[in-house]
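Listed below, chain by chain, are the residues.
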Amino acid sequence: MRIVFLTLSALVTVGLVYLLDTRSVLPAPLGRLLSPQHGVWQNAEPAYASFDEDLSFPQLKGKTEVYIDDRLVPHIFAEQEEDAYFVQGFLHARFRLWQMEFQTHAAAGRLAEILGEGPGGRILEYDRSMRRLGMIYAAERSLEEAEKNPASKMQYDSYAAGVNAYLEHLPESQLPLEYKLLGYKPEKWSPLKTALFLKYMSYDLAGHEDDLEFSNARSYFSKADFEKLYYYLADSLKPIVPNTPETAYPTTGAVDLTPPADADSLYFAYKNDSLTRVDPNKPNPENGSNNWAVGGSKTSSGRPILANDPHLGLNMPALWFEMQITTPQFSAYGATFPGSPNVIIGFNQDISFGFTNAGRDVKDYYSIEFRDSNMDSYLFNGEWKQADKRIEVIKVKGKPDFYDTVAYTIYGPVMYDHSFKASEKDNQYLAVRWKAHDPSNEGVTFYGLNHAKNYDDYLAAIKNFTCPGQNCLFASKTGDIAIWQQGEFPAKWRRQGDFIMPGKDSSYMWRGMIPQEENPHMINPSRGYVSSANQLSVDGTYPYYTGTVFPIYRGLIINRMLEGLNQITPEDMMEMQVDNYNVKAEFARDVLIRTPEASLGAVAKKYFEIWKAWDLRNDVDSKGATVFNLWWGALEQSVWKDEFDKAGLPVPWPNEYALVESLKRDSAYSFIDDINTGEVEKLEDILALSLTSVADSLAKIEASGRLEWAKFKDTKVNHLLKVMDPLSRLHLPVGGGRGIINATNHDHGPSWRMVVHMTDEIEAYGVYPGGQSGNPGSRFYDSFVDQWAAGKYYKLWFMKPGEKNDPRVKWKMTFYKG
């Protein structure tokens with residue numbers, strides 16, 4: 001009996017040892033996760049945890065005090081500027097370590113190293129796409145450039161030293177939860193990681209294009225149909241900078257903008273390219289922002305007000321981290337990027353600044369002819385030119401390393417080749433020319449803005465920004481407002497780069513960059529405001545081609561509202577930022593009202609009546625917004641899907657305004673007819689058919705209690721890994737949507753809302769959908785989410801040195817040299 005008992009005990013022990021040590025259940029051994037000393041229990045932060053600390057580091061030059069307020073916002077007061085960036089790095093790591101490092105792994109194509117190759121090799125495929133795009137190559141070139149600038153080198157080095165100072169004293173028990181769950185540990189931080197993080201910003205904002213899909217569309221549609229579907233000068237466009245005597249465009253290009261002589265035969269041939277690949281990892285095309293500034297002539301105080309809200313993925317931990325940095329040289333407050341020094345969007349004692357994405361096309365593909373599949377040499381200007389090679393070693397968790405050889409040409413890396421195909425049918429070698437590959441130092445822009453005292457300082461700072469192109473907004477206490485579309489933009493002829501270009505010679509290469517002074521800009525305009533919302537910055541009289549995909553509706557309604565407002569207060573600006581008026585629905589109303597009611601069944605007629613009574617607002621409880629959303633989607637499918645399906649290849653869906661404007665212009669729009677039927681359909685027919693086609697779906701949605709817009713849209717703030725609902729915030733009651741100033745979609749939208757009143761004592765408000773701590777076990781993990789969802793703001797405390805005993809100070813950290 002004793003032997004049986006001993007045998008059973010041994011078996012149970014062996015089973016427990018296996019269970020607690022295995023990685024078959026989770027990426028990390030269960031035993032370590034549940035360990036009382038090191039496991040997930042250690043991440044539970046007491047509700048009243050203290051953040052008071054006295055710390056000493058030999059790298060510091062002097063004393064730095066950090067006053068942490070009741071929202072866990074640190075206010076840094078450093079005796080030495082260099083120390084301020086050390087402490088910024090330390091605090092970013094203290095509160096957001098896993099997030100900041102994970103994003104650099106994503107930028108560098110290193111996710112398979114942590115997560116494995118993924119289902120169907122999806123994660124490995126993502127890593128290969130980032131390596132082949134040359135993300136590390138681009139970051140290395142940017143870092144070389146940054147290190148030539150003494151201020152940038154000081155910042156990058158100090159920031160990295162601060163992160164590493166935190167890491168060196170981080171016990172295993174305090175590792176962020178995600179490291180424990182995924183079973184890996186943080187690496188030492190380096191300036192290259194900061195460069196990678198900033199390059200990831202370039203990828204997110206200037207990495208999206210549909211050149212392969214547009215090449216397919218060119219091969220399938222006639223030229224006339226192509227121009228009907230993909231026209232880029234919308235009828236309703238309100239450009240960021242209109243061509244007026246006050247803001248006149250250049251009359252001619254600084255370079256020859258005539259297409260190559262053989263463009264009609266080689267480029268506009270509308271031949272069959274048969275490219276089948278659609279990159280599943282493209283940045284979200286909805287990445288964008290709103291910003292505007294009103295001058296004193298339109299405000300109640302006589303001082304400018306600046307507003308900015310960038311629209312990005314809604315993630316937890318949040319993209320942004322609020323912070324104030326004060327040194328003897330400057331004091332700046334605003335949203336910072338964990339992973340990079342400086343305040344990115346914010347204000348200082350004298351000016352405020354914000355950004356929206358320019359959306360210009362700075363990423364093009366060239367078809368390369370290699371001598372053979374070894375890709376050692378390629379044809380260029382009649383000669384075989386030697387290709388450089390870069391061997392990418394991709395570590396894959398649980399598997400051998402994956403080796404990927406990428407050839408580099410005069411254009412840039414060969415993104416697609418025989419081992420990473422653009423087409424299933426044949427081999428094409430496509431090199432990518434991307435502005436983000438060029439040496440640049442975007443970080444010094446933010447350094448300059450943090451220190452800026454006036455318009456000249458602002459202008460000098462933003463001139464360093466080359467990619468991604470941004471609409472850089474400015475307002476000052478002295479009453480100036482301005483906007484510059486800033487970046488280095490290739491001077492293109494019409495439709496250059498929309499399709500894959502021939503790469504055998506230099507005739508299709510970019511011929512130069514648009515001179516900076518010819519970038520669209522506006523300074524203290526007589527209309528009293530400047531604004532941007534990612535729309536096309538100029539009209540058709542601008543001599544340079546700017547690309548083809550731009551939203552228009554947010555820009556239109558922002559300008560309409562600003563035109564009508566006077567005696568503006570910060571409260572008016574906050575109200576505008578969360579406004580839910582749907583101007584696209586306003587334009588579409590003239591079309592949809594033509595629906596023949598008599599042809600509708602009872603169910604469809606019920607929803608037609610709901611739509612007719614709708615106030616055109618995508619508010620939380622709006623039912624009309626849900627009806628419009630589904631109906632318009634069905635109408636687009638009815639009009640275009642028959643032709644698009646026959647293409648048999650991925651082709652881009654037309655712009656958001658294409659159908660509204662086409663039907664308003666021409667009720668006999670040629671795409672209305674369904675080419676799969678023997679009849680010739682009319683607009684009225686498909687209006688009724690499209691509503692009828694979604695009526696049953698609407699009835700089911702209503703029966704499930706989700707017809708109200710917020711319930712249907714179901715906004716959520718995802719954990720960054722996308723698969724951890726318990727660490728996300730779900731089912732948020734938020735209105736808004738695509739094309740609306742409050743651009744909140746299902747999991748994408750305003751990631752930081754800020755309004756700054758440039759009075760003698762800066763009056764500022766802000767909020768973001770997250771919390772200051774990246775630790776899900778902290779009460780500060782999601783503490784701002786409900787305030788953000790309700791459309792409310794926090795008053796931002798721009799702390800002064802004399803307020804160190806203010807009751808808003810809850811904790812104090814002191815950093816000493818030692």
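Please refer to the structure higher up on the page.
All of the points below concern the structure found in this document. Each chain has its residues counted from 1, running along the sequence as written. Restriction of local features to residues with pLDDT of at least 70 applies here, the model being predicted, together with a cutoff of 80 or more for giving and counting side-chain atom pairs; totals for whole chains, interfaces and linings are based on all residues. Excluding hydrogens and water, the side-chain figures rest on all heavy atoms present in the structure.

Let's talk about the overall build of the protein
If you tally the helices and strands in the protein, you get 23 helices and 29 strands. What the globule rule says is 2.2 Å times the number of residues to the power 0.38, and the radius of gyration is computed from C-alpha atoms. What you see for the protein is a C-alpha radius of gyration of 28 Å, in line with the 28 Å of a compact globule of 818 residues. Buried residues are those whose accessible area, probed at 1.4 Å on protein chains only, stays under 20% of the maximum for their type, while exposed residues exceed 50% and partly exposed ones sit between those limits. Buried residues in the protein amount to 60% of all 818 residues. Contacts in the protein between residues far apart in sequence, at least 24 positions, make up 73% of those at least 6 positions apart. Approximately 31,100 Å² of the protein is accessible, and the part contributed by carbon and sulfur atoms is 53%. Note on charges: Lys and Arg go in the positive column, Asp and Glu in the negative column, and His and the chain ends are not counted at all. Charge positions are represented by NZ for Lys, CZ for Arg, CG for Asp and CD for Glu. On the protein, the mean spot of the 85 positive side-chain charges and the mean spot of the 106 negative ones are 3 Å from each other. Numbering goes from the N terminus for both helices and strands, where a helix is a DSSP run of H or I of at least four residues and a strand is a run of E of at least two. The contact criterion used throughout is that any non-hydrogen atoms of two residues lie within 4.5 Å. With residues, only the protein chains shown are counted as cover, and all accessible areas are computed by Shrake-Rupley using a 1.4 Å probe.

As for the packing of helix α7 (residues 150-168) against helix α9 (residues 191-206)
The geometry of α7 relative to α9 is characterised by a closest axis approach of 8 Å and an angle of 110° between their N-to-C directions. One finds that α7 runs roughly perpendicular with respect to α9. Where α7 abuts α9, its residues Tyr156, Asp157, Tyr159 and Ala160 lie against Pro191, Thr194, Ala195 and Leu198. Each residue receives one of three labels: charged for Asp, Glu, Lys and Arg, nonpolar for Ala, Val, Leu, Ile, Met, Phe, Trp, Tyr, Cys and Pro, and polar for the others, Gly being one of them. Along the lines of polarity and charge, the residues of the contact of α7 with α9 split into 6 nonpolar, 1 polar and 1 charged. Note on geometry: axes are lines fitted to C-alpha atoms, helical ones only across the stretch in contact, with angles between N-to-C directions running from 0 to 180 degrees. Roughly parallel means an angle under 35 degrees; roughly antiparallel means over 145; roughly perpendicular covers 65 to 115; every other angle is labelled oblique.

Let's talk about the pattern of salt bridges
In what follows, salt bridge is the name for a side-chain nitrogen of Lys or Arg lying within 4 Å of a carboxyl oxygen of Asp or Glu. Following the criterion strictly, the structure yields 45 salt bridges and no others. Across the pair arginine 132 and aspartate 417 runs a salt bridge whose closest N-O atoms are separated by 3.2 Å. Residue arginine 132 is located in helix α5 (residues 122-133), and its partner aspartate 417 is located in the loop between β16 (414-416) and β17 (430-434); the two are separated by 285 residues in the primary sequence. Across the pair glutamate 761 and lysine 800 runs a salt bridge whose closest N-O atoms are separated by 2.5 Å. With glutamate 761 in the loop between β26 (753-757) and β27 (763-767) and lysine 800 in the loop between β28 (794-795) and β29 (809-817), the pair connects residues that are 39 residues apart, well separated along the chain. Lysine 800 gets classed as partly exposed once you look at its relative accessible area, which sits at 37%. Among the charged side chains, a salt-bridge network with shared partners connects Glu101, Arg110, Glu113, Glu187 and Lys193.

Section: the pairing of strand β13 (residues 383-386)
Strand pairing follows a simple DSSP-based rule, namely that at least 2 bridges must link the two strands. Alignment of strand β12 (residues 377-380) against β13, held across 4 bridges, turns out to be antiparallel. Residue pairing across strands places serine 377 opposite glutamine 386, the latter belonging to β13. In this structure, the hairpin formed by β12 and β13 is closed by a connection of 2 residues, where asparagine 381 is found at a positive phi of approximately 50°.

Section: the packing of helix α18 (residues 602-612) against helix α21 (residues 683-703)
Two elements in contact, α18 and α21, have axes whose closest approach is 8 Å; the angle formed by their N-to-C orientations is 80°. Our classification of the angle between α18 and α21 gives roughly perpendicular. Contacts between α18 and α21 involve Val603, Ala604, Lys606, Tyr607 and Phe608 from the first element and Leu691, Thr692, Ala695, Leu698, Ala699 and Glu702 from the second. Along the lines of polarity and charge, the residues of the contact of α18 with α21 split into 8 nonpolar, 1 polar and 2 charged.

Structural notes on the sheet that holds β16
Read across the sheet, 4 strands follow the order β16-β17-β11-β20 without closing on themselves; strand pairing throughout is mixed. Single-partner strands in this sheet number two, and they are β16 and β20 (501-502). The sheet contact formed by strand β11 (residues 363-367) and β20 spans 2 bridges and is parallel. In the strand pairing of β20, serine 367 is matched with proline 502. On top of the sheet, helix α10 (residues 211-220) reaches β11, β16 and β17; it is set at about 60° to β11, its chief contact.

Regarding the environment of valine 40
On the secondary structure map, valine 40 appears in the loop between α2 (30-34) and β1 (53-57). Owing to a relative accessible area of 23%, valine 40 belongs among the partly exposed residues under this scheme.

Description of helix α19 (residues 624-647)
Given a rise of 1.5 Å per residue, 24 residues ought to cover 34 Å, and the 34 Å separating the end C-alpha atoms of α19 matches this to within 8%. Fitting axes to the seven residues ending at a residue and to the seven starting there, one defines the bend at that residue as the angle between these axes. Bending of α19 peaks at approximately 55° at the position of tryptophan 640. Within two residues after α19, glycine 648 carries a phi angle of roughly 70°, on the positive side. Residue count minus one, scaled by 1.5 Å, sets the expected span of a helix.

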